[in-house]
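# Tertiary structure, described
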Amino acid sequence: MKSIYPKICALTVYCGSQRVEDSVYDQAATELAGILAANDITLVYGGSGIGTMKVLADAMLSQGGKVVGVFTKSLREEYLHPGLTETIVVENLAARKAEMIRRCDAMVALPGSFGTLDELFDAVAMRKMHSGGHHHPIGVLNVNEYFDDLLAFLAHTIDVGYTSESDTELIIAESRPAALLDRLNATV
């Protein structure tokens, strides 16, 4: 089957290592995994076998998708997902973020906490760099309006004068996985 997202061969996904009570987040991760697997898009993620990260990886693997986990030596080994297509162990979080960016054509943040936000903003900062950065499109899957306050804060940074509108436009936000992948694929 030919991919409907021909410009995206690998997608890096940042997401939470915690499970939350509202199943809408797991459903979104599962829906995203289904689209990726159906279009032969490799998932690149943090390699964890817990939380939303596990839900995403398990959904990909159960549908025959390829999953690359980039795991750090500083994390407990029992957190590593045991069944990935490929596992890469790196020295630290900085190396993990760099490897995840190096291996993808686009990036998406699902709902998560500090680690997810760190990875998202690191990707945006690297994209802004004129030397040594990347050119991959970056999106947030705004499940259940999870990122609305963050997007409002970014608009506030424009109003204050710290951020340009073109910089905040580097983050593409959509509430449905297919719509987000459509927009990312159009900007690769």
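Look a little higher up for the structure.
Residues numbered from 1 in each chain as written. Predicted model: local features only at pLDDT ≥ 70, side-chain atom pairs only at ≥ 80, totals over all residues. Heavy atoms only, no water.

## Here we look at the packing of helix α1 (residues 24-38) against helix α2 (residues 51-62)
Short version of the rule: Lines fitted to C-alpha atoms define the axes, with helix axes restricted to the stretch in contact, and inter-axis angles between N-to-C directions lie between 0 and 180 degrees. In this text, helices come from DSSP runs of H or I with a minimum length of four residues, and strands from runs of E with a minimum of two, each type numbered from the N-terminal end. Should the near helix be turned anticlockwise from the far one by less than a right angle, the crossing is left-handed, and should it be turned clockwise, the crossing is right-handed. By definition, residues are in contact when any of their heavy atoms lie within 4.5 Å. Polar here means any residue outside two lists: the nonpolar Ala, Val, Leu, Ile, Met, Phe, Trp, Tyr, Cys and Pro, and the charged Asp, Glu, Lys and Arg; Gly therefore counts as polar.
Close contact between α1 and α2 brings their axes to 8 Å; oriented N to C, the two are set at 30°. The interaxial crossing formed by α1 with α2 has right-handed handedness. Contacts from Asp 26, Ala 29, Thr 30, Leu 32, Ala 33, Leu 36 and Ala 37 of α1 reach α2 at Thr 52, Val 55, Leu 56, Ala 59 and Met 60. For the contact of α1 with α2, the residue count by class is nine nonpolar, two polar and one charged.

## Considerations on the packing of helix α3 (residues 93-102) against helix α4 (residues 114-128)
In plain terms, the rule: Comment on the angle field: the value is read as roughly parallel under 35 degrees, roughly antiparallel over 145, roughly perpendicular from 65 to 115, and oblique elsewhere.
Contact pair α3 / α4: the axes reach a minimum separation of 11 Å and the direction vectors enclose 60°. Comparing the axis directions of α3 and α4 gives the class oblique. Crossing of α3 over α4 shows right-handed handedness. In this structure, α3 contributes Arg 96, Lys 97, Met 100 and Ile 101 to the contact, and α4 contributes Asp 118, Glu 119, Asp 122 and Ala 123. Partitioned by chemical class, the residues of the contact of α3 with α4 number three nonpolar, no polar and five charged.

## With respect to the pattern of salt bridges
Going by this rule: Salt-bridge detection follows one rule: a side-chain nitrogen of Lys or Arg within 4 Å of a carboxyl oxygen of Asp or Glu. Only protein chains enter the calculation, and the probe is 1.4 Å; a residue is then buried if its accessible area is under 20% of its type maximum, exposed if over 50%, and partly exposed in between.
Summed over the entire model, instances satisfying the criterion amount to 13 salt bridges. Among the salt bridges present, the one from Glu 86 reaches Arg 103, with a minimum N-O distance of 3.1 Å. Of the two residues, Glu 86 sits in strand β4 (residues 86-90) while Arg 103 sits in the loop between α3 and β5 (106-109), which places them 17 residues apart along the sequence. For Glu 86, a relative accessible area of 32% translates into the label partly exposed.

Function cannot be inferred from these measures alone, as they are strictly geometric.
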